[in-house]
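Fold and contact review
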Number of protein chains: 2
Amino acid sequence: MLEIEIKARVQSLEAVEAELREKGARYLGEEEQVDAYFNHPCRDFAQTDEALRLRRAGGRVMLTYKGRKLDAVTKTREEVSLAVESYEAARQILAKLGFVEVAKVRKLRRRYSLGEYLVELDFVADLGSFVEVEKKGETYSPEELLEFLASLGIGRDAVERRSYLELLLGEGDG
Amino acid sequence: MLEIEIKARVQSLEAVEAELREKGARYLGEEEQVDAYFNHPCRDFAQTDEALRLRRAGGRVMLTYKGRKLDAVTKTREEVSLAVESYEAARQILAKLGFVEVAKVRKLRRRYSLGEYLVELDFVADLGSFVEVEKKGETYSPEELLEFLASLGIGRDAVERRSYLELLLGEGDG
């Protein structure tokens, strides 16, 4: 399964939220997410464009592997997620295996669904406000995601391909 | 937390089971366990005496890291366990991170508790019958575990320090 996803930086989440409600989007809820990112013991994920994330949100803990991005515009990549019972035990096992925590990303996320799209409004500590648009599936076109962003009043120049982790660490290809 | 544990090879699980019942041990149940063992992408667990195991048993899935053995007689080692939601997702994430499955251990395990000890009667596919004695704690003495084995009619010469994985792969220090 691919995670088909595009992200854009916005000045105001409120404006996008008003646009979403106007279009009849369904509000799914708000969640505080704390993500710990780990580097691999013998390859550099900053080079291979992979990521390993341990997320704590709403009482659940999720371990997620993300493969490299598949095109030059969107953030679409292979993703495998695993619900785990304990943040602390997962962190300990990763440490024993030589995975090194490189950063924590903290954000408040509000989620809406609109047709086949999931729209996430993120307020990210130290980084600012972003809109992520996501679609699950096996096929996608970057152009289709850009058009959907445009329909929310977000232009192509606002697209941010770097992950929050890359932005925090000052890495990535922009 | 240490996993304080000793293992011995036996001819007959029935004889040990009779001895346990005689002593008033409590029967905890029987379970089929299938364990997949993985090697590390950049260090050889056969050399470092570590292990990473993904266990499927009784509808549950557990990921466990085991550190090197701490003494010359018992199998006592550091152990960190994590319940996970999906065997397949865990296997996929491990594969993406470069962990290689090296063997599967299949066994039928019957468990008894007797005082502070947990006694496991294992019938292991391709290997035979074994008794494992386990105690949770921070301190232990190998001698104490040997005495407990002796009380079940199992001598010191029956002690097997190699893991089932090492026995299957023909590795270890015996």
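A brief report on the enclosed structure follows. (Residues numbered from 1 in each chain as written. Chains lettered and ligands numbered in written order. Predicted model: local features only at pLDDT ≥ 70, side-chain atom pairs only at ≥ 80, totals over all residues. Heavy atoms only, no water.)

Considerations on the overall build of chain A
Keep this limit in mind: The secondary structure listing takes helices from DSSP runs of H or I that are at least 4 residues long and strands from runs of E that are at least 2 residues long, numbered from the N terminus. When we talk radius of gyration, it's over C-alpha atoms, and the globule rule is simply 2.2 Å times the number of residues to the 0.38. Burial classes follow relative accessibility: with a 1.4 Å probe on protein chains only, a residue under 20% of its type's maximum area counts as buried, one over 50% as exposed, and anything between as partly exposed. Accessible areas in this description were obtained via Shrake-Rupley with a 1.4 Å probe; residue shielding takes into account the shown protein chains only. Working convention for charge: Lys and Arg count positive, Asp and Glu count negative, and His plus the chain ends are omitted. Note on charges: their place is set at NZ of Lys, CZ of Arg, CG of Asp or CD of Glu.
Helix and strand counts for chain A stand at 5 helices and 8 strands. From first element to last, N terminus to C terminus, chain A shows the α and β order β-α-β-α-β-β-β-α-β-β-β-α-α. Taken over C-alpha atoms, the radius of gyration comes to 16 Å for chain A, in line with the 16 Å a tight globule of 174 residues would show. Across its three principal directions, the C-alpha atoms of chain A cover 50 × 35 × 30 Å. Counting over 174 residues, chain A shows a buried share of 53%. Accessible surface, chain A as shown: approximately 8100 Å² in total, 47% of it carbon and sulfur. Each charge class in chain A can be summarised by its mean position, and for the 28 positive and 34 negative side chains these summaries are 3 Å apart.

Details of the state of the cysteines
Put simply, the rule reads: In plain terms, two cysteine sulfur atoms within 2.5 Å form what is called a disulfide here.
For the coordinates displayed, the defined rule picks out 1 disulfide over all chains. Two residues, Cys42(A) and Cys42(B), share a disulfide whose sulfurs are 2.3 Å apart. An S-S torsion of about -90 degrees defines the bridge between Cys42(A) and Cys42(B) as left-handed. Of this pair, Cys42(A) sits in the loop between β2 (26–39) and α2 (45–48) while Cys42(B) sits in the loop between β2 (26–39) and α2 (45–48), each in a different chain. Judged by relative accessible area, which is 40%, Cys42(B) ranks as partly exposed.

Let's talk about the interface of chain B and chain A
Where we set the bar: Any two residues whose heavy atoms approach within 4.5 Å at even a single point are treated as in contact. Using a 1.4 Å probe, buried area is obtained as the accessible area two parts lose upon being combined, added over both of them. The working definition used for a salt bridge is a side-chain nitrogen of Lys or Arg within 4 Å of a carboxyl oxygen of Asp or Glu. N or O atoms within 3.5 Å of each other form a polar contact, as long as, within protein, one can give a hydrogen and the other can take it, and as long as residues adjacent in sequence are counted only when both atoms are side-chain atoms.
Counting from both sides, the interface comprises 25 residues of chain B and, opposite them, 25 residues of chain A. Summed over both partners, the interface of chain B with chain A buries about 2000 Å², with 74% contributed by carbon and sulfur atoms. Looking only at chain B, the three residues that lose the most surface to chain A are Ile93(B), Lys96(B) and Leu97(B), adding up to 31% of its buried area. Applying the counting criterion to the chain B and chain A interface returns 2 salt bridges. Measuring nitrogen to oxygen at the nearest pair gives 2.9 Å for the salt bridge that ties Lys96(B) to Glu78(A). Where chain B packs against chain A, one counts 8 residue pairs in polar contact (both at pLDDT 80 or more). Among the elements of the structure, β4 (60–69), β5 (77–84) and α3 (87–96) of chain B are those that each provide at least two residues to the side of chain B that touches chain A. The biggest single contributor to the side of chain B that touches chain A is β5(B), with 6 residues.

Some details on the relation of the copies chain B and chain A
The condition that has to hold: Superposition of the copies was done by least squares, using only C-alpha atoms of residues whose pLDDT is at least 70 in both.
The two copies are related by a screw operation: chain B maps onto chain A through 180 degrees of rotation and 0.0 Å of translation along the axis, at an RMSD of 0.0 Å. With respect to symmetry, the two chain copies, as superposed, fit the operation of a two-fold axis. Looking at the rotation axis and the C-alpha trace of chain B, the residue lying nearest is Val84(B), at 2.2 Å. Same-surface contact between copies: 100% of interface residues of chain B are shared with the interface of chain A.

Notes on a nonpolar patch on the surface
Residue and element names in this part refer to chain A. The condition that has to hold: Surface patches are defined over residues having more than 30% relative accessible area and no salt bridge, joining like charges when they lie within 9 Å and nonpolar side chains (Val, Leu, Ile, Met, Phe, Trp, Tyr) when within 5 Å.
Residues Val100, Val102, Leu168 and Leu169 make up a contiguous nonpolar surface patch of roughly 290 Å² in combined accessible area. Contributions of two or more residues to the nonpolar patch are made by β6 (100–114) and α5 (164–169). Inspection of the secondary structure puts Leu168 in helix α5. Since its relative accessible area comes to 31%, Leu168 is described here as partly exposed.

A few points about unusual backbone geometry
With a phi close to 60 degrees, Asp49(A) is a non-glycine residue in the positive phi region. Examined against the element boundaries, Asp49(A) turns out to sit in the loop between α2 and β3 (51–57).

Structural notes on the pairing of β4(B)
Side-chain positions along a regular strand alternate between the two faces of the sheet. Residues and elements named next belong to chain B. The following threshold applies: Strand pairing follows a simple DSSP-based rule, namely that at least 2 bridges must link the two strands.
Counting buried residues along β4, 7 of its 10 residues qualify, which places the element largely inside the surrounding structure. In the sheet, strand β3 (residues 51–57) pairs with β4 via 7 bridges, with the strands oriented antiparallel. The residue bridging Leu54 from the neighbouring strand is Leu63, located in β4. Taken together, β3 and the strand that follows it, β4, pair antiparallel across an intervening segment of 2 residues, in which Gly58 is found at a positive phi of about 55 degrees. Both β4 and β5 contribute to a ladder of 7 bridges, which runs antiparallel. Each residue of the ladder has a partner; that of Lys66, found in β5, is Glu79.

Some thoughts on the packing of aromatic side chains
For any two aromatic rings, the description comes down to two numbers: the centre-to-centre distance and the angle of the planes. To be explicit about the condition: When two rings of Phe, Tyr or Trp (its six-membered ring) have centres within 6.5 Å they constitute a pair, described as stacked for plane angles under 30 degrees, edge-to-face for angles over 60, and tilted for the intermediate range. Two conditions define a charge located above a ring, namely a distance within 6 Å from the ring centre to NZ of Lys or CZ of Arg, and an angle within 35 degrees of the ring normal.
Applying the stated criterion across every chain yields a total of 7 aromatic pairs over all chains. When the ring of Tyr27(A) is compared with that of Tyr112(A), the centres are 5.2 Å apart and the planes differ by 50 degrees; the resulting orientation is tilted. With Tyr27(A) in strand β2 and Tyr112(A) in strand β6, this pair connects stretches of sequence that are 85 residues apart. Tyr27(A) gets classed as partly exposed once you look at its relative accessible area, which sits at 35%. We classify Tyr112(A) as buried; its relative accessible area is 0%. Between Phe99(A) and Phe99(B) the ring centres are 6.3 Å apart and the planes differ by 20 degrees, which places this aromatic pair in the stacked class. Taken together, the residues Phe99(A) in the loop between α3 (87–96) and β6 and Phe99(B) in the loop between α3 and β6 (100–114) connect one chain to another. The side chain of Lys7(A) reaches across the aromatic face of Phe130(A), ending 5.7 Å from its centre. The aromatic ring of Tyr27(B) is capped on one face by Arg21(B), whose charged end is 5.8 Å from the ring centroid.

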